[in-house]
Amino acid sequence: MSTPTNTPASTIFVSKYTNGILDPSAEMLGPIKSGSRIVAHTAPGCWGPMLTPELRGGHEVTVPVYVEGAQPGDAVALTIESITVTSDASSSGTDAALEGRFNADPYVARLCPSCGAASPETEVKGTGQDAITCKACGVPAAPFEMAHGYTMVFNKERTMGITVGAAIAEALAKDATAVMDIPEESIQNPSVLLGNSDLQGVVTRMRPFLGQLGTTPSMPFPDSHNAGDFGEFLVGAPHDYAKSTEELARRTDGHMDINKVRAGATLICPVKVEGAGVYLGDAHAMQSDGEIAGHTTDVAAVTVLRVELIKGLEIDGPVLLQVPEDLPFLAKPLTMDEFEQAVSILQDSGAADEALIEDSMPIAFVGTGGNLNIAIDNGMQRAADLLGISFDEVRNRVTISGGIDIGRAPGTVTVTLRVPLELLQNEQLAQMVMAKYS
């Protein structure tokens, strides 16, 4: 990677996307200075790229942005100021990989089932599953199909969605690129063109968030596999992006699918390459904890991020400062009334020293791994490492003043606990936590 030589900007507008690979040697946009904003029109994640074998990572995220002064061992705080959905409709569902159309991993190593071309370019002829064809030989080439799929339309206010029947789904499929508002620079095949309608009349609320947000790993990773659970598929794989177990530690866990990564939240990300390489994408209209179907409603969206460099904050994975209403019940900061009750408890027990009461605030640590147990341990170990306390102390604190939430099955979680402020050695981090929750 060569360092961008432009004058650092206070705002950068991003509308270019990777081919699915996060590569630290690739050119970055920017630079931007700390305190700047990134405004990005992101392409839909998951299903569109999954139907596009030319994309090599399973998603289509923005080209990373270089942050001036960011070096390995630092961190960048990414505050999501807004997410505005621009799609009118989306289509999603459970997936089934199609044999003969990939080499071991249908997200990463796609093949044409007829001519054998690797990562073949495609063209769309009509609508439906077989409309996505190899440009070289003309046979259907999408590596996935929806085992059970639906099409959803949104209201103009982008507050509600409803799944529609076959007639509407088929009409939308004929204009899929427009109704999904696929950005001009995107090359994905829009998922709405499938015309699926297995769910009809389901009404749900919208609360958009980013499934992908983070920094560039220190070696090339497929974007959807920049996480501890999906990354497991790379270990010993028979393709160019195979990893050893040790090399998985070079990920940055930008692919989280944690529904708390929404407007108002701050995600603090590790810097593992010069310039950090901030990227984003895979916006979703809504999702319950766990993303149990494996996918949810992918949308195009305009996101505004504020970027702040934190020097000397060495973390292994993301730290999340959630919107207060998203905090687990036990992790919420004490109110003044609760503090006074705690003082009364001490006085009643014969101890009048208010100093015995911790001055604490909530922090969430993202943990990932091959299954949920491994992910939980990963998140708790990251907490122990940053706070300088034992793993067992973290377990106790999470149990009585925190909580574990599932971001994505099989292995992405948030480990939230109230942390004594005296354990936050990085003053900038401490100030951010206080500003978020005081």
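Not measured: the values here are computed from a predicted model.

Visitor: Which residues make up the packing of aromatic side chains, and what values go with them?
Guide: Enumeration according to the criterion identifies four aromatic pairs in this entry. Between Tyr107 and Phe144, the aromatic rings sit 5.0 Å apart at their centres with planes inclined by 55°, giving tilted as the arrangement. Here Tyr107 is found in the loop between strand E6 (89–97) and strand E7 (122–124), whereas its partner Phe144 is found in strand E9 (residues 144–154), with 37 residues between them in sequence. Here Tyr107 and Phe144 have matching classes, each one buried. Each residue in the set Trp47, Tyr107, Phe144, Phe230 and Phe233 is aromatic and connected to the rest through ring pairs, giving one cluster. A cation over an aromatic ring shows up here: Lys243 above the ring of Phe221, its NZ or CZ 4.7 Å from the ring centre.

Visitor: Would you mind going over helix H2 (residues 166–173) in detail, with residue names and values included?
Guide: Listed in full, the buried residues belonging to H2 are Ala169, Leu172 and Ala173. The buried residues of H2 occupy an angular sector of 105° when projected down its axis, which confines them to one face.

Visitor: Lay out the pattern of salt bridges in plain terms, naming residues and giving numbers.
Guide: Under the defined criterion, the tally for this structure stands at 20 salt bridges. Notably, a salt bridge pairs Arg158 with Asp88, separated by 2.6 Å at the nearest N-O pair. Taken together, the positions of Arg158 in the loop between E9 and strand E10 (160–163) and Asp88 in the loop between strand E5 (75–85) and E6 put the pair 70 residues apart, joining distant regions of the chain. The exposure class assigned to Asp88 is partly exposed, which follows from its relative accessible area of 39%. Taken together, the shared-partner salt bridges connect Arg251, Asp253, Lys272, Asp316 and Arg382 into one network.

Visitor: Residues and numbers for empty space enclosed by the protein, please.
Guide: What the rule picks out here adds up to one cavity of 30 Å³ or more. Counted as a void, the largest cavity has a volume near 50 Å³. What lines the largest cavity is simply Cys46, His59, Tyr107, Phe230, His255, Asp257, Glu291, Gly294, His295 and Arg408. Among the residues forming the lining of the largest cavity, the class breakdown is three nonpolar, four polar and three charged.

Cut-offs used in this document
Residues numbered from 1 in each chain as written. Predicted model: local features only at pLDDT ≥ 70, side-chain atom pairs only at ≥ 80, totals over all residues. Heavy atoms only, no water. Phe/Tyr/Trp six-rings, centres within 6.5 Å; stacked < 30°, edge-to-face > 60°. Helix = DSSP H or I, 4+ residues; strand = E, 2+ residues; numbered from the N terminus. Buried < 20%, exposed > 50% of the residue type's maximum accessible area, 1.4 Å probe, protein only. Lys NZ or Arg CZ within 6 Å of the ring centre and 35° of its normal. Arc of directions from axis to C-beta. Salt bridge = Lys/Arg side-chain N within 4 Å of Asp/Glu carboxyl O. 1 Å grid on protein atoms, 1.4 Å probe; cavity = no way out; pocket = protein on both sides within 12 Å on 5 of 7 lines; lining within 4 Å. Points joined across faces, edges and corners; volume = space filled by probe spheres on them. Nonpolar A, V, L, I, M, F, W, Y, C, P; charged D, E, K, R; others polar.

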